[in-house]
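Structural overview
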Amino acid sequence: MRILIYGINYSPDLTGIGKYSGEMGKWLAGQGHHVSVVTAVPYYPQWQINAKYKGKLWHSEIIDGVKVYRCPLYVPAKPTGLKRMLHDASFLISSFFVFIKLLFLPKFDVVITVAPPFHLGLVSLFYRFFKGSKILYHIQDLQVDAAKELGLIKSKILLSVLIKIERFIIKKVDHVSSISEGMILKIRQKAERHIIEFPNWVDLKNYYPVANKAALKLRWGYEAADKIILYSGNIGEKQGLDGILAVAKKFIDRPNVKFLICGTGAYKPKLVDLARQMNLHHVDFLPLQENNVFNDFLNMADIHLILQKKDASDLVMPSKLTTILAVGGLALVTANKDTSLYKVIAENEMGLIAAPENADELYQKIEEGLMMDDSEMRKKSHIYALENLSIDAILKDLINNLS
């Protein structure tokens, strides 16, 4: 098929939605499909344009056999609710000009539109009006709901308008997909229709268990006997990462328990300052690790933290979970009982769960994780990844749904 992927993030992003879109494009091209992408210049999760792309406007490049059309956009250094809206709108406008060009090129059979930003579906509908392509509207995050619940947009009138636009898109596109059962149920509340379950995946050739954890710790400058509590991913507002510092303070007299926060994002400078003010010398900050060392880096950790605020429940599904399971990691997640994240961990007995935004309970679960024999739980995590998260199986199912 001729497939167009349309989304604000793509390779070379190392984390989040761009990572998955990049892997999808590479896999589809590897299966013989003709794949193109309309996306922005890379900026995530640093929230600054990648040095290689600074000063460039509209241009194209080839990545893993995929033609990638790059568009300029506004990137705020400190993304507030209003600035995020301007950021998304700038890409909507700049990408529209690429779609005008695409009207004069051969038709794509399918346009895979990745949300957020949710309103990219409008441009896809415009393209379908002239070219007749099918649209798969793939929802990675429920952006409007999250903005409402997290208080990023306070105007009831504006929220009402955004909700109506989102509902219009969901009703009009050919296919809608999302990544978890909980998100699918929330989408059905907006518009009663069939929703394809299209979960995030993991490349099991690149992520797998490594036996010698002690040697890996030495490689990153820790002692073999140190216990590493790792958070790796986007450092943003919705993760509630200040909770890590509150818990780390309880371990301040146990120097062999190290907290490692790896990644970047809008909230990182504030978090680093807060850790300094609290004199948390056992809390380390690292940048995102490159792909060629990331498997070993994840295997080094004794406990992997997946933290969410309670108001973000089932509005997002942490993308980092797939790689943690693939390496047989011990995940400690914060999740409400009625969420997909809670259910998948509890039903498969492959991690520990604490209530969101509860430092005392998070502390107790870390203690439990450090004391327990976690070998069986780690084995179940890896088996779950092998049986449910293979990129080959998931994307083959997608193609069958679209054919």
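Residues numbered from 1 in each chain as written. Predicted model: local features only at pLDDT ≥ 70, side-chain atom pairs only at ≥ 80, totals over all residues. Heavy atoms only, no water.

Considering the overall build of the protein
Note the following rule: In DSSP terms, a helix is any run of H or I states spanning at least four residues, a strand is any run of E spanning at least two, and both are numbered starting from the N terminus. Computation of the radius of gyration draws on C-alpha atoms alone. For the globule rule, the value is 2.2 Å times the number of residues to the power 0.38. Three labels apply to residues, based on accessible area from a 1.4 Å probe with only protein chains included: buried if under 20% of the type maximum, exposed if over 50%, partly exposed otherwise in between. Residues are treated as being in contact if the distance between any of their heavy atoms lies within 4.5 Å.
Regarding its fold elements, the protein presents 15 helices and 14 strands. Radius of gyration (C-alpha) of the protein: 21 Å, near the 22 Å computed for a compact globule of 403 residues. Taken over the C-alpha atoms alone, the protein extends approximately 65 × 45 × 45 Å along its principal axes. For the protein, with 403 residues in total, the buried portion stands at 57%. For the protein, the proportion of contacts with a sequence separation of at least 24, taken over those separated by at least 6, is 73%.

Some details on the side chain of Asn-9
We apply this condition: We define a polar contact as two N or O atoms separated by no more than 3.5 Å, with the added condition that, inside protein, one atom must be a possible hydrogen donor and the other a possible acceptor, whereas residues neighbouring each other in sequence contribute only through side-chain atom pairs.
If you trace the backbone, Asn-9 turns up in the loop between strand E1 (2–6) and helix H1 (16–30). At 3.2 Å, the side chain of Asn-9 forms a polar contact with the side chain of Tyr-43. Non-local contacts of Asn-9, meaning those with residues more than four positions away in its chain, are made with Gly-18, Ser-21, Thr-39, Tyr-43 and Tyr-44.

Remarks on the sheet that holds strand E13 (residues 331–334)
The line we're drawing: In this analysis, strands are considered paired if DSSP registers two or more bridges between them. Here, axes are lines fitted to C-alpha atoms. For helices the fit covers the stretch in contact, and angles between N-to-C directions go from 0 to 180 degrees.
Strand order in the open sheet formed by 6 strands is E11-E10-E9-E12-E13-E14, and the pairing between neighbours is parallel. Taken across any chain shown, the strands that pair with only one partner, and hence form the sheet edges, are strand E11 (283–286) and strand E14 (351–354). Going from strand to strand, the sheet's axes swing by 25 degrees on average, the running direction of each strand aside. In this sheet, E14 lies alongside E13 in parallel orientation, the contact comprising 4 bridges. Its bridge partner lying in E14, Thr-334 is registered against Ala-354.

A look at helix H8 (residues 242–250)
What counts is decided by this rule: Picture the helix axis, draw a direction to every C-beta atom, and the arc is the one those directions span.
Every buried residue of H8 is listed here: Ile-244, Leu-245, Val-247 and Ala-248. Around the axis of H8, the buried residues are gathered within 165 degrees of arc, so they sit on the same side. Where H8 is buried, its residues meet strand E9 (227–232), strand E10 (257–262), helix H9 (268–277), E11, strand E12 (303–306) and helix H13 (359–371).

Brief notes about the pattern of salt bridges
Operational definition: A carboxyl oxygen of Asp or Glu within 4 Å of a side-chain nitrogen of Lys or Arg is what we treat as a salt bridge.
Following the criterion strictly, the structure yields 13 salt bridges and no others. Close ionic contact of Lys-190 with Glu-166 constitutes a salt bridge, the shortest N to O distance being 3.0 Å. Of the two residues, Lys-190 is situated in helix H6 (residues 181–190) and Glu-166 in helix H5 (residues 156–172); the sequence distance between them amounts to 24 residues. By the burial criterion, Lys-190 is buried, and Glu-166 matches it. The shortest N-O distance in the salt bridge between Glu-367 and Arg-254 comes to 2.7 Å. Separated by 113 residues along the polypeptide, Glu-367 in helix H13 and Arg-254 in the loop between H8 and E10 bring together distant segments of the chain. With relative accessibility at 29%, the residue Arg-254 sits in the partly exposed group.

Overview of the pairing of E13
On a regular strand, each side chain points to the face opposite its neighbour's, so the side chains alternate between the two faces of the sheet. A two-sided burial pattern is seen for E13, the buried positions comprising Ala-331 and Val-333 on one face and Leu-332 and Thr-334 on the other. In terms of strand pairing, E12 meets E13 through 3 bridges, oriented parallel. Across the sheet, residue Leu-305 finds its bridge partner in E13, namely Leu-332.

Focus: the environment of Ile-228
With respect to the helices and strands, Ile-228 occurs in strand E9. The class of Ile-228 is buried, set by a relative accessible area of 0%. Sequence-wise, Ile-228 and Met-300 are 72 residues apart; in three dimensions their C-alpha atoms are separated by 7.4 Å.

Observations regarding the nonpolar core
Worth spelling out the cut-off: As used in this record, nonpolar core signifies buried Ala, Val, Leu, Ile, Met, Phe, Trp, Tyr and Cys residues forming a set joined through side-chain atoms within 4.5 Å.
Core analysis: the largest hydrophobic core is formed by 32 residues, its most contacted members being Phe-297, Met-300, Val-333 and Ile-345. Within the residue set of this core, elements represented by two or more residues are E9, E10, helix H10 (291–300), helix H11 (321–326), E13, helix H12 (340–347) and helix H14 (375–388). The leading source of residues in this core is H10, at 5 residues. Formed by 28 residues, the second largest nonpolar core is a distinct cluster that contains Ile-244, Val-247, Leu-305 and Leu-370.

Things to note about the packing of aromatic side chains
Just so we agree on the cut-off: Two aromatic rings from Phe, Tyr or Trp, using only the six-membered ring of Trp, form a pair when their centres are within 6.5 Å; if the ring planes differ by under 30 degrees the pair is stacked, by over 60 it is edge-to-face, and anything between is tilted. Consider the ring centre and the ring normal. A charge sits over the ring if Lys NZ or Arg CZ is within 6 Å of that centre and within 35 degrees of that normal.
Enumeration over the complete set of coordinates arrives at 19 aromatic pairs. An aromatic cluster of three or more residues is present, and its members are Trp-58, Phe-96, Phe-97, Phe-126, Phe-129 and Phe-130. Over the ring of Phe-108 we find Arg-2, and its NZ or CZ is 4.7 Å from the ring centre.

Focus on H5
So the rule is basically this: Expected span, for any helix, means 1.5 Å times one less than how many residues it has.
Here H5 contains 17 residues, and its C-alpha end-to-end distance of 24 Å stays within 8% of the 24 Å for a straight helix at 1.5 Å per residue. Along H5, the residues classified as buried are Leu-159, Leu-162, Glu-166, Ile-169 and Ile-170. For H5, the angular spread of the buried residues around the axis is 95 degrees, confining them to a single face. Seen from the buried face of H5, the exposed residues on the opposite side, beyond 90 degrees, are Lys-156, Ile-157, Lys-164 and Lys-171. Here the buried face of H5 lies against helix H3 (120–131), strand E6 (134–139), helix H4 (143–149), strand E7 (175–178) and H6.

Comments concerning unusual backbone geometry
Look at the link from Tyr-44 to Pro-45: it is a cis peptide, with omega at 5 degrees. By secondary structure assignment, the location of Pro-45 is in the loop between strand E2 (34–40) and strand E3 (59–63). Omega for the peptide link from Ala-115 to Pro-116 comes to 10 degrees, which places this bond in the cis form. Note that Pro-116 resides in the loop between strand E5 (110–115) and H3. Positive phi, normally seen in glycine, also occurs at Glu-349, with a value near 50 degrees. Note on placement: Glu-349 falls in the loop between H12 and E14.

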